[in-house]
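Spelled out from the first residue to the last, the chains are:
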Amino acid sequence: MDPNRPDEFPDLADSPRSPLLGPAERAAYGELPVPAPHTAAELAALMGLLTAPRARIGSVVVGHGRDAASVASAAAFAEAWEARGGVVLAAVDWPETAASWLRPARRLTAQRPDAWVLAAAPYGFVQLARRLRHSTDWDPARSFAFAALHDPRVPALAGPGVLHGLRGALPDGGSWEVRGDWVVGFPARAEE
């Protein structure tokens, strides 16, 4: 399977995989990092991804976990986005554990944003992402995240193709992208 060809992934809507992570899955992947407070360089890199010349992004839906770092990162992004003239259509939060994930998934996709911006802890996000891919028209290629989701175990835990195209920022101003089941990092650009 070529991770650069999303058309090679099976139809995710027909996949029987539950969005809920069982104890065996959590144990197999171990402890994933908790979100750390975002850095100025990380926020700038995230803004750069959304404002790239061909991005054409004006409206976003911001989604975040309920931990303090994710709440603060989401608020900082929303403030910076609106300050540059962008529109935040909605802000949606979710718990780290839920019974089905359908309610936050529907709230995230109820609007028709140009993009989604995500700040979350990995385990909660993986379960939400599974529900988003199985039950909504969410597109990870139109989604951008903070550094907490930059972990190679995140796309593996989510499942084949679930996060293909998701992009994000790193604390040093670099960026990353999910390609198939891989997380590829890109260094920060040197100031010219």
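### Quick look at the confidence of the model for the protein
Across the protein, the average pLDDT comes to 88, with 86% of residues at or above 70. Note on residues 1-16: pLDDT is under 50 here. Beyond four places in sequence and across chains, it has 22 contacts.

### Things to note about the pairing of strand E7 (residues 182-186)
Summarising the sheet, strand E6 (residues 175-179) and E7 pair through 5 bridges and their orientation is antiparallel. Among the inter-strand pairings, Trp176 is bridged to a residue of E7, identified as Gly185. Remark: 2 residues form the turn of the hairpin made by E6 and E7, two consecutive strands paired antiparallel; Gly180 in that turn has positive phi of roughly 65 degrees.

### Comments concerning the side chain of Ser175
Within the element layout of this structure, Ser175 appears in strand E6. When sequence neighbours within four positions are dropped, the list of residues in contact with Ser175 reads Leu49, Gly168, Ala169, Leu170, Val184, Gly185 and Phe186.

### Digging into the sheet that holds strand E5 (residues 167-169)
Sheet strands line up and pair through hydrogen bonds in the backbone, either parallel or antiparallel. Taken in spatial order, the 7 strands make up an open sheet running E2-E1-E3-E4-E5-E6-E7, and their pairing is mixed. Looking at the sheet topology across the chains shown, the edges are occupied by strand E2 (87-94) and E7. Neighbouring strand axes in the sheet, compared pairwise and without regard to direction, differ in orientation by 25 degrees on average. Pairing between strand E3 (residues 115-119) and strand E4 (residues 143-145): 3 bridges, direction parallel. Bridge pairing links Val117 to Phe144 in E4. Against the sheet, helix H4 (residues 102-109) contacts strand E1 (59-65), E2 and E3, and its axis sits at roughly 175 degrees relative to E2.

### Points about unusual backbone geometry
The residue Arg56 is not glycine, and still its phi comes out positive at about 50 degrees. Its place among the elements puts Arg56 in the loop between helix H2 (40-50) and E1.

### Digging into the packing of aromatic side chains
The tally for this structure, following the rule as stated, stands at 1 aromatic pair. Centre to centre, the rings of Phe77 and Trp81 are 5.6 Å apart; their planes meet at 20 degrees, and the pair counts as stacked. Here the residue Phe77 and the residue Trp81 both occupy positions in helix H3 (residues 68-83), the gap between them amounting to 4 residues, near one helical turn. The ring of Trp81 has Arg84 lying over it, and the distance from NZ or CZ to the ring centre is 5.0 Å.

Calculation criteria
- Residues numbered from 1 in each chain as written.
- Predicted model: local features only at pLDDT ≥ 70, side-chain atom pairs only at ≥ 80, totals over all residues.
- Heavy atoms only, no water.
- pLDDT = per-residue confidence, 0-100.
- Contact = heavy atoms within 4.5 Å.
- Pairing = 2+ DSSP bridges.
- Helix = DSSP H or I, 4+ residues; strand = E, 2+ residues; numbered from the N terminus.
- Axes fitted to C-alpha atoms, helices over the stretch in contact; angles between N-to-C directions.
- Phe/Tyr/Trp six-rings, centres within 6.5 Å; stacked < 30°, edge-to-face > 60°.
- Lys NZ or Arg CZ within 6 Å of the ring centre and 35° of its normal.

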